[in-house]
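Next come the chains, spelled out residue by residue.
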Amino acid sequence: MEPQDQLTSLNRGYIFKDATYIGLPPAGLIPPDCGPDGFVSLLKGIDGMFSLAARRGDYTLAAVDRVRSHPLFYAVRDGQLLLDSDAFALRTRLGNPGPDDKALREFLITGFCTFGDTLVEGLRQLEAGKCLIWHQPTQRLEIREYFRYTRVYEEADLSLRALDRIHERVFGRLIDSLGGRPVLIPLSGGHDSRLVAVMLKRLGYSNVSCFTYRGLHHGECEVARKVARFLNYPWHLVELTRGMLHQSFNSRQMRDFFRFSTHLSSSPFIHDWLPVRILKERGVVPEDAVVIPGHSGDFLEGNYLPQVFEDKVEFSRDNLLRALFDARFNFWKCPDELRLRFFGPRIAGNLRIPEQMSAETAASFFDEWSWAHHQANFIINSLRVYEFFGHTWRLPLWDLELVEFWRRVPLPLRLHRHLYKKYVQAFQPLGVGVYKGFSLERRIRNAWLRKQYGDVTDPRYGRFLDYRDRNAYLNTRVESLLEPNICYPDFVNGQLPLLQVSINALQALVMIREFFGRTASRNEA
């Protein structure tokens, strides 16, 4: 087993117990006589964003929170449990095993690994809402679930007033946890970060500033500026160019961030990385600032549910899997029959999906997979940006009371965020509309350009291509990002120009090259 002091070092994050902020999980949180059942009961009774690990008697106990905000990784070798928050360090202890082909295929089409996999054979991750129990005398490893995001079918007060009272309590708890420290809000033109800013203002927390970065959506920045001005919060704009994106993405500091953030299981979510670095260089972010993004209101409120859940009353298992594939297994074009063969049985088996179901039940399965994998392994993983630059963070929209409210909201009220939009009209009348995206004329023009040349209007491709060489920018192909010692799945088309491939797909290829390419092998040696 791991030494006790190393296990204690894995206690990270913050905890609420009985709605009271405790902060960093204390060493005595897990009672001395705690066994497996008591550990599960304890986890069900606390809230917050944390990882926990302790030895109690013959047991090693470990857990991550309900969204895996502080990842833990484990392996069993020679009858011993290896447990760490650093997947790369654990891989080294295992002798640097190579990639898991099944996980690699999934990572390349989604940007993350699922169901406890990592990209490395024999190296596992603890999934959201689960805990690990290791019994040393019998060398028995057990993974238990203490939370699962599924639809709850029971009576509840779903009124707008009830939701507003929940918001007041959630943000009251958030303020209690801040201790008066300055807050930095990544403010977009959408709903979620706006909710954070509005509620802090409403509850009298004034030590707040906001930032927005301009790259692709100029209109979103204008909306964010108006919201910050309406709330009388300082607002910082960061302008991004292709040249800046190219230089930062190919810097040594970014390589350090790849190792810091990806955990051999998630493609890095780097949109905020350069803006935060620039703000730090400007000296406008206090060292003790707490970053509060709007994750993941859009998920809870139903914005992630595709149109098919409104169009169909009944679903077959394959209908549901295709909806999931279209939404999340879409980095590359891959025929449905191949996606069903590659990924379908595993998803259906782990989620226990029936052959036929109602739209409400199908949406619950869709949410469950999205919560456990897309949210936990990709969206929430964006928090590593703030940690990298030395900042703590909070996720008020994952407060358990708010989560339990949305789990009880029926499908019709979540489709198109129907209930939440009614709430905004009633309780957030800012007079500043939500950003809706490009105009129809602009969308038609961009679609024509994409068909002719690829995404030439998106400056984020500057991460991979030097914009000063026009010919190379338009014609560099995917094969330039491939490593000869990696066996890529057939759906990775090396002949496509980079500009015709998803940004996230290219970033996943870069990660694989960093982790398992020839340069990575030399660095490990």
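Criteria and cut-off values
Residues numbered from 1 in each chain as written. Predicted model: local features only at pLDDT ≥ 70, side-chain atom pairs only at ≥ 80, totals over all residues. Heavy atoms only, no water. Helix = DSSP H or I, 4+ residues; strand = E, 2+ residues; numbered from the N terminus. Buried < 20%, exposed > 50% of the residue type's maximum accessible area, 1.4 Å probe, protein only. Contact = heavy atoms within 4.5 Å. Lys, Arg positive; Asp, Glu negative; His and termini not counted. Charge placed at Lys NZ, Arg CZ, Asp CG, Glu CD. Patch = residues over 30% accessible without salt bridge, like charges linked within 9 Å, V, L, I, M, F, W, Y side chains within 5 Å. Areas by Shrake-Rupley, 256 points an atom, 1.4 Å probe, with all protein chains shown as cover. Salt bridge = Lys/Arg side-chain N within 4 Å of Asp/Glu carboxyl O. Pairing = 2+ DSSP bridges. Phe/Tyr/Trp six-rings, centres within 6.5 Å; stacked < 30°, edge-to-face > 60°. Lys NZ or Arg CZ within 6 Å of the ring centre and 35° of its normal. Axes fitted to C-alpha atoms, helices over the stretch in contact; angles between N-to-C directions. Parallel < 35°, antiparallel > 145°, perpendicular 65-115°, else oblique. Nonpolar A, V, L, I, M, F, W, Y, C, P; charged D, E, K, R; others polar. pLDDT = per-residue confidence, 0-100.

Asker: Mind showing me how you'd approach the overall build of the protein here?
Answerer: Along the backbone of the protein there are 23 helices and 16 strands. Overall, the protein is about 65 × 55 × 55 Å in size when its C-alpha atoms are taken along their principal axes. When each of the 525 residues of the protein is scored for burial, the buried share is 57%. The long-range fraction of contacts in the protein, counting pairs at least 24 apart against all pairs at least 6 apart in sequence, stands at 73%. For the protein, the separation between the mean place of its 68 positive charges and that of its 61 negative charges on side chains is 4 Å.

Asker: Any chance you could explain a nonpolar patch on the surface here in plain terms?
Answerer: On the surface, Val76, Leu141 and Ile143 cluster together to form a nonpolar patch covering roughly 210 Å² of accessible area. When its relative accessible area of 45% is taken as the criterion, Val76 is described as partly exposed.

Asker: Any chance you could explain the sheet that holds strand 13 (residues 290-291) here in plain terms?
Answerer: The strand order 12-11-10-13-16 describes an open sheet built from five strands, whose pairing is parallel. The outermost strands of the open sheet, each flanked by one partner alone, are strand 12 (235-239) and strand 16 (392-393). The pairing of strand 10 (residues 183-186) with strand 13 spans two bridges and is classified as parallel. Paired with Leu184 across the bridge in strand 13 is Val291.

Asker: Could you clarify how one ought to interpret the packing of aromatic side chains in this entry?
Answerer: When we look at a pair of aromatic rings, we describe it by the centre distance and by the angle of the planes. With the rule as written, the count across this model stands at 31 aromatic pairs. Measuring from ring centre to ring centre gives 6.0 Å for Phe112 and Trp369, while their planes differ by 45°; the resulting arrangement is tilted. Note that Phe112 is positioned in the loop between helix 4 (101-110) and strand 7 (124-125) and Trp369 in helix 15 (residues 359-379), a separation of 257 residues in sequence. Just as Phe112 is buried, Trp369 falls in that class too. Each member of the aromatic cluster is reached from another via a ring pair, and the members are Phe112, Phe269, Phe325, Phe329, Phe342, Phe343, Trp369 and Phe378. Just above the ring of Phe249 sits the side chain of Arg255; from NZ or CZ to the centre is 5.9 Å. Between Lys312 and the ring centre of Phe315, over which it is positioned, the NZ or CZ distance is 5.9 Å.

Asker: I keep staring at the packing of helix 8 (residues 242-249) against helix 10 (residues 273-282) and nothing clicks. Help me out?
Answerer: Orientation of helix 8 relative to helix 10, taken along the N-to-C sense of each, is 95°, at an axis distance of 11 Å. Our classification of the angle between helix 8 and helix 10 gives roughly perpendicular. Contact with helix 8, carried on its side by Met244, Leu245 and Ser248, involves Trp273, Leu274, Arg277 and Ile278 of helix 10 and no other residues of that element. Residue classes in the contact of helix 8 with helix 10 are distributed as five nonpolar, one polar and one charged.

Asker: Which parts of the structure should I look at to understand the confidence of the model for the protein?
Answerer: Caution is warranted with low-pLDDT regions, since their predicted coordinates should not be read in detail. For the protein, mean pLDDT is 92; residues scoring 70 or higher make up 93% of the total. Every residue in residues 521-525 scores below 50 in pLDDT, and together they form four contacts with partners more than four places removed in sequence or on other chains.

Asker: When you look at the packing of helix 4 against helix 14 (residues 336-351) in this model, what are you seeing that I'm missing?
Answerer: Packed helices, taken two at a time, are described by the angle between their axes plus the distance between the axes. Orientation of helix 4 relative to helix 14, taken along the N-to-C sense of each, is 100°, at an axis distance of 11 Å. The angle between helix 4 and helix 14 places the two elements in the roughly perpendicular class. Contacts from Lys102, Arg105, Glu106 and Ile109 in helix 4 reach Phe342, Phe343 and Arg346 in helix 14. Looking at the contact of helix 4 with helix 14, its residues break down into three nonpolar, no polar and four charged.

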